[in-house]
Amino acid sequence: MTAGSVETDKRLAAEYAASLVQDGMRVGLGTGTTVAPLLPALGARGLRLRCVATSPATAAAARAAGLAVEPFESLTELDIAIDGADQIAPGPWLVKGGGRAHTREKIVAAAAARFVVIASGEKRVERIRPPVPVELLAFGTASTLHRLGHVVLRGGPPSPDGGVIADWTGPVEDPAALAARLDAEPGVVAHGLFGPELVTDVVVASAGDLAIRAPR
Ligand code: 5RP
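S.K.: What's the story with the site of the ligand in this structure? I'm lost.
M.R.: The ligand sits among 17 residues. The nearest are Thr-33, Thr-34, Asp-86, Gly-97 and Lys-123. In the environment of the ligand, an oxygen atom lies 3.4 Å from a nitrogen or oxygen atom belonging to the side chain of Asp-83. Bound to the protein, the ligand loses 91% of the 370 Å² it would expose on its own. Taken together, the residues that form the shell around the ligand break down as two nonpolar, nine polar and six charged.

Here it is as structure tokens:
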């Protein structure tokens, strides 16, 4: 598949997701290159929306597209959130955080009545494979790394919340077991495994065709 057709598939999935949004909704906006075409598609619809963004980059792009973005402070629930993924495995289990935003993305997904994952076809995998992004609390990072093992610092700036971005590079035999292990570690702020309880819709475009897994 050429790079051009991957971009076309991302836009197809994003534009379908934009069509799910209705006037008056509270909308969570993900982060990444698949979400990028969602923002102008949503802005062009001219709906009255209240949006929250999962990264400063998305907030800026959403405002440029004419969307009203507010801090995620007063809203307690969202009607829909739309975001990309690095891997989509049966379950569905997702890996997110390639764009370093998985902590905010998970909070937004958890707040949403409907969480729509959009992707081009190469994101589909039979099994989750490493790396799995993690965000660590800066305090005690060396100790957290020592306890976890198999976690490598990614380098680069901290997250917008001051966290240290790293990646689990060990085996992923069972995503639920790894998620539970990472959730149990006090130094892990959030990991990039998103389980079936978070995901309602999966929208994947491959070579111009859409495959849609509807809400549960
Ligand atoms: C950011 C993410 C992105 O959704 C994920 O990395 C997919 O990005 P892209 O749409 O650019 O392939 O989790 O933290």
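S.K.: What's the story with the side chain of Gln-87 in this structure? I'm lost.
M.R.: Topologically, Gln-87 is positioned in strand 4 (residues 87–89). At 2.8 Å, the side chain of Gln-87 forms a polar contact with the backbone oxygen of Arg-129. Among all residues touching Gln-87, those that are not within four sequence positions of it are Trp-93, Leu-94, Val-95, Lys-123, Val-125, Arg-127, Ile-128, Arg-129 and Pro-131.

S.K.: Is there a simple way to explain the packing of aromatic side chains in this structure?
M.R.: For the structure shown, the criterion picks out one aromatic pair. Between the NZ or CZ atom of Lys-96 and the centre of the ring of Phe-194, over which it lies, the distance is 5.7 Å.

S.K.: Help me understand the nonpolar core in this model?
M.R.: For soluble globular proteins, nonpolar side chains are generally found buried alongside one another. Among the nonpolar cores identified, the biggest contains 27 residues, and Val-27 and Leu-29 are the most heavily contacted of them. Every element with two or more residues in this core is listed here: helix 1 (3–20), strand 1 (26–29), helix 2 (38–44), strand 2 (50–53), helix 3 (56–64), strand 3 (78–83), strand 6 (112–120) and strand 12 (201–206). The dominant element in this core, judged by the number of residues it contributes, is helix 1, at five residues. Ignoring anything within four residues of it in the chain, the contact list for Val-27 reads Val-21, Leu-42, Leu-49, Arg-50, Cys-51, Val-52, Leu-78 and Ile-80. Listed in part, the 19 residues of the second largest apolar core include Ile-88, Val-117, Ala-119 and Leu-198.

S.K.: Which parts of the structure should I look at to understand the domain arrangement of the chain?
M.R.: Much of the literature gives interface size as the accessible area that the parts lose upon coming together. With domains assigned, the chain is organised as domain 1 (3–124 + 195–213) and domain 2 (132–191). A separation of 24 Å is found between the C-alpha centroids of domain 1 and domain 2. Taken residue by residue, the interface counts 11 residues in domain 1 and 17 residues in domain 2. Taking both partners together, domain 1 and domain 2 bury about 1,200 Å²; carbon and sulfur atoms supply 58% of that area. Per-residue buried area on domain 1 facing domain 2 is highest for Trp-93, Arg-100 and His-102; these three make up 50% of the total on that side. Here domain 1 is connected to domain 2 by one salt bridge. Of the charged contacts, one joins Asp-161 and Arg-104 as a salt bridge, the two residues approaching to 2.8 Å between their closest N and O atoms. There are nine residue pairs in polar contact (both at pLDDT 80 or more) connecting domain 1 and domain 2. Looking at the side of domain 1 that touches domain 2, the elements with two or more residues in it are strand 5 (93–95) and helix 4 (102–111).

S.K.: What should I look at first to understand the pairing of strand 7 (residues 132–136) in this one?
M.R.: Residues in a regular strand point their side chains to alternate faces of the sheet. When you tally the buried positions in strand 7, you get five out of five residues, the bulk of the element. The alternating pattern of strand 7 places Val-132, Val-134 and Leu-136 on one face and Pro-133 and Glu-135 on the opposite face, and all of these are buried. As judged from the five bridges shared by strand 7 and strand 9 (residues 164–168), these two strands associate in the antiparallel manner. Bridged to Leu-136 within strand 9 is Val-164. Where strand 7 meets strand 10 (residues 188–191), three bridges bridge the pair, whose relative direction is antiparallel. Along strand 10, the bridge assignment pairs Glu-135 with Ala-190.

S.K.: Help me understand the layout of surface pockets, please; the structure alone is not making it clear to me.
M.R.: Considering only enclosed or pocket space, the largest pocket measures out at about 180 Å³ in volume. Lining the largest pocket are 16 residues, with Thr-31, Gly-32, Ala-85, Asp-86 and Gly-99 sitting closest to its centre. Class assignment for the residues of the lining of the largest pocket results in three nonpolar, eight polar and five charged.

S.K.: Please explain unusual backbone geometry as it appears in this structure.
M.R.: Where the residue is not glycine, phi is negative for most of them; where a peptide bond is considered, it is trans in most cases. A cis amide bond, omega -5 degrees, links Gly-91 with the succeeding residue Pro-92. Structurally, Pro-92 is set in the loop between strand 4 and strand 5. Here the residue pair Pro-130 and Pro-131 is connected by a cis peptide bond, since its omega of 5 degrees sits within 30 degrees of zero. Counting through the fold element by element, Pro-131 comes out in the loop between strand 6 and strand 7. Look at Arg-100: it is not a glycine, yet its phi comes out positive at around 70 degrees.

Conventions we followed
Residues numbered from 1 in each chain as written. Predicted model: local features only at pLDDT ≥ 70, side-chain atom pairs only at ≥ 80, totals over all residues. Heavy atoms only, no water. Near = heavy atom within 4 Å. Polar contact = N/O pair within 3.5 Å; in protein donor to acceptor, adjacent residues only side chain to side chain. Areas by Shrake-Rupley, 256 points an atom, 1.4 Å probe, with all protein chains shown as cover. Nonpolar A, V, L, I, M, F, W, Y, C, P; charged D, E, K, R; others polar. Helix = DSSP H or I, 4+ residues; strand = E, 2+ residues; numbered from the N terminus. Contact = heavy atoms within 4.5 Å. Phe/Tyr/Trp six-rings, centres within 6.5 Å; stacked < 30°, edge-to-face > 60°. Lys NZ or Arg CZ within 6 Å of the ring centre and 35° of its normal. Core = buried A, V, L, I, M, F, W, Y, C linked by side-chain atoms within 4.5 Å. Buried < 20%, exposed > 50% of the residue type's maximum accessible area, 1.4 Å probe, protein only. Domains from an automatic or database assignment. Buried area = accessible area lost by both parts, 1.4 Å probe. Salt bridge = Lys/Arg side-chain N within 4 Å of Asp/Glu carboxyl O. Pairing = 2+ DSSP bridges. 1 Å grid on protein atoms, 1.4 Å probe; cavity = no way out; pocket = protein on both sides within 12 Å on 5 of 7 lines; lining within 4 Å. Points joined across faces, edges and corners; volume = space filled by probe spheres on them.

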